[in-house]
Amino acid sequence: MRALRLRQWKSEPELMEVPEPTPGTGEVVVRIGAAGACHSDLHLMDEFEPGSVPWNPPFTLGHENAGWVHAVGDGVTGLTIGQPVAVYGPWGCGTCARCRVGVDPYCENPAGAPVPGGGGGLGLDGGMAEYELVPDARHIVPLPDGLDPVEAAPLTDAGLTPYHAIRRSWPKLPPGSTAVVIGVGGLGHVGVQILKATTAARVIAVDTRAEALRLAQECGADQTVTSGPTAAEEIRAATGGRGADVVLDFVGADATLALGVAVARTVGDLTIVGIGGGTLPVSFFSVPYEVSIATTYWGSRPELIEVLELGAQGLIRPKTTTFALDDALDAYRQMREGTLEGRAVIVP
Ligand code: NAD
Ligand code: ZN
């Protein structure tokens, strides 16, 4: 079969022929219906080097996958061939306290995971291929009625990651509150939809690109602000000077982290999702009182089930552009150039 593989750090992935996987005991092979292209893949190609993460190339890209059960190994029960499914992407050890409640991203026994801190497309072969080998049937999540793989694939990361970041801040988002979304790309535009679908917060979306701000409006943002020197002032003004109860930074650069602090309300949350490499100096007087600053990584298996349900009910709907496997490099090129709208999805 054909697969888009990252062969070494700091290189472009290559489309090549690889053997079709067969499932061992407890494993499942998924026929890929769709694999989302994430900006994290650009970080892998452009910035990562030996030691950045506890795993290395070569592997097939694609950590945001959905399709149909193709084959199951010995001992796998409860799945039928041809059944539409999503793949839960973070693969932990399965037995530690975190994994046992479905929080594989924070696995506390990384040495017992298939690859420490990764998954398919992140150290192991992912979904930018005709088939993906999933090493444990617990990572297979049946799709609810009303969702097809192209709609479901982006929900497993571009949906799940903002959902987790927003869900943990629900108590700070009552009616009358304000949420700021910085970076309205693949993750951010679904983040705006999730905020509108699950909270009564006013949503202010921030991006450098006019098309991204248009997409934010389409997704229900109440206000859009162009990222830049006047953004903080505009957001402060829009909140009567108080600031935003929750700021979600889907960029993570120096400038956006600084903006996050500048617009956060006392007792608010500043959640850093983007891996933009920025740093944020924190000292007693540099951040508003009682602002909680956290990074988040992906989301839990129960949260994926909830996100898929939001999708099936039509309450969230990622904006997708589909590309054939042959054109996957174009998807990444457009992402790099900033000409993609929403999420690019590879359909092999
Ligand atoms: P994307 O390229 O689709 O979107 C990024 C958006 O940010 C674009 O719309 C871009 O115009 C905007 N942007 C760039 N610089 C900006 C600035 N200074 N101010 C405002 N907006 C700006 O990327 P994506 O796939 O949505 O991923 C976003 C980030 O999240 C990446 O760094 C990615 O690696 C990371 N990520 C993190 C997790 C996690 O679990 N923490 C999961 C997936 C992705
Ligand atoms: Zn674990």
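You'll find the protein entered in an unreviewed UniProt entry as alcohol dehydrogenase, with Micromonospora profundi given as the organism. Per UniProt, the protein has the following entry under Sequence similarities (unreviewed entry): "Belongs to the zinc-containing alcohol dehydrogenase family." Reading the Cofactor (unreviewed entry) entry of the UniProt record for the protein gives the comment "Zn(2+)".

A. Local environment of the packing of aromatic side chains. Counted by the stated rule, this structure contains 7 aromatic pairs. Centre to centre, the rings of W9 and W55 are 6.1 Å apart; their planes meet at 40 degrees, and the pair counts as tilted. Residue W9 is located in the loop between β1 (2-6) and β2 (14-17), and its partner W55 is located in the loop between α1 (39-46) and β4 (59-60); the two are separated by 46 residues in the primary sequence. You'll find W9 and W55 in the same group, each marked buried. On the basis of an interplanar angle of 85 degrees and a centroid distance of 5.7 Å, the ring pair of W55 and F59 is categorised as edge-to-face. Accessibility assignment for this pair places W55 and F59 in one class, buried.

B. Broad picture of helix α5 (residues 210-218). Inspection of α5 places A212, L213, L215 and A216 among the buried residues, and these make up the whole buried set. Projected down its long axis, α5 shows its buried positions confined to an angular sector of 155 degrees, all on one face. Turned more than 90 degrees away from the buried face of α5, the exposed residues are R214 and E218. Packed against the buried residues of α5 are α4 (186-198), β12 (202-207) and β13 (223-226). With its phi angle positive at about 110 degrees, G220 sits one or two positions after the end of α5.

C. Molecular detail of the sheet that holds β4. With antiparallel pairing, the 3 strands of this open sheet are ordered in space as β2-β1-β4. On the outer flanks of this sheet lie β2 and β4, each paired with one strand and no other. Two strands pair when backbone bridges link them, and β1 and β2 are joined in this way by 4 bridges, in the antiparallel orientation. Each residue of the ladder has a partner; that of A3, found in β2, is M16.

D. Structural view of the side chain of E132. Looking at where E132 falls in the secondary structure, it is placed in strand β9 (residues 131-134). No salt bridge forms around the buried E132; measuring N to O, its nearest opposite-charge neighbour R5 is 11 Å away. Side chain to side chain, E132 and N65 meet in a polar contact 3.2 Å long. Setting aside residues up to four positions removed in sequence, E132 forms contacts with P21, V28, V29, V30, I32, N65, V87, W91, G120, D125, G126 and G127.

E. Layout of the packing of α1 against helix α9 (residues 328-337). Across the interface, α1 lies against α9 with an axial gap of 10 Å and an inter-helix angle of 90 degrees. Taken together, the axes of α1 and α9 are roughly perpendicular relative to one another. Contacts from H39, D41, L42, M45 and D46 of α1 reach α9 at Y332, M335 and R336.

F. Geometry of the UniProt feature "domain: Enoyl reductase (ER)" (unreviewed entry) in the protein. Under the local residue numbering, the UniProt record ascribes the feature "domain: Enoyl reductase (ER)" (unreviewed entry) to residues 2-346. Helix makes up 27% of residues 2-346 and strand 25%. Its end C-alpha atoms lie 13 Å apart.

G. Local environment of the coordination of the zinc ion (ligand 2). The protein atoms that coordinate the zinc ion (ligand 2) are C93 (SG), C96 (SG), C99 (SG) and C107 (SG), at distances spanning 2.3 to 2.6 Å. The coordination sphere of the zinc ion (ligand 2) comprises 4 donor atoms, whose angles at the metal cover 101 to 123 degrees; the geometry is tetrahedral. Site description for the zinc ion (ligand 2): donor spacing in sequence, C-x2-C-x2-C-x7-C. We note that C96, like C99, is buried.

H. Structural context of the pattern of salt bridges. If you walk through the whole model with that rule in mind, you get 20 salt bridges. Taking the shortest distance from any N to any O, the salt bridge between R343 and E64 comes out at 2.8 Å. Here R343, found in strand β18 (residues 343-347), pairs with E64, found in the loop between β4 and β5 (65-72); they are 279 residues apart in sequence, far enough to count as distant. By relative accessible area, which is 3% here, R343 ends up buried. You can call E64 buried: its relative accessible area is 0%. Each of D104, D136, R138 and R301 takes part in salt bridges that share partners, so that together they form one network.

I. A look at the site of ligand 1. Around ligand 1, the structure places 27 residues, and the nearest of them are H39, D207, S227, W298 and R343. Take G185: an N or O atom from its main chain is 3.5 Å from an oxygen atom of ligand 1. A distance of 2.7 Å separates an oxygen atom of ligand 1 from a polar atom in the backbone of W298. Compared with its free state, where it exposes 870 Å², ligand 1 has 87% of that area covered by protein.

Rules and cut-offs
- Residues numbered from 1 in each chain as written.
- Chains lettered and ligands numbered in written order.
- Predicted model: local features only at pLDDT ≥ 70, side-chain atom pairs only at ≥ 80, totals over all residues.
- Heavy atoms only, no water.
- UniProt positions renumbered as here; feature names shortened; annotations may be inferred.
- Phe/Tyr/Trp six-rings, centres within 6.5 Å; stacked < 30°, edge-to-face > 60°.
- Helix = DSSP H or I, 4+ residues; strand = E, 2+ residues; numbered from the N terminus.
- Buried < 20%, exposed > 50% of the residue type's maximum accessible area, 1.4 Å probe, protein only.
- Arc of directions from axis to C-beta.
- Contact = heavy atoms within 4.5 Å.
- Pairing = 2+ DSSP bridges.
- Lys, Arg positive; Asp, Glu negative; His and termini not counted.
- Salt bridge = Lys/Arg side-chain N within 4 Å of Asp/Glu carboxyl O.
- Polar contact = N/O pair within 3.5 Å; in protein donor to acceptor, adjacent residues only side chain to side chain.
- Axes fitted to C-alpha atoms, helices over the stretch in contact; angles between N-to-C directions.
- Parallel < 35°, antiparallel > 145°, perpendicular 65-115°, else oblique.
- Donors = N, O, S within 2.8 Å, 3.2 Å for Na, K, Ca; no water.
- Tetrahedral: all angles 85-135°; square planar, octahedral: opposite > 155°, others 65-115°.
- Near = heavy atom within 4 Å.
- Areas by Shrake-Rupley, 256 points an atom, 1.4 Å probe, with all protein chains shown as cover.

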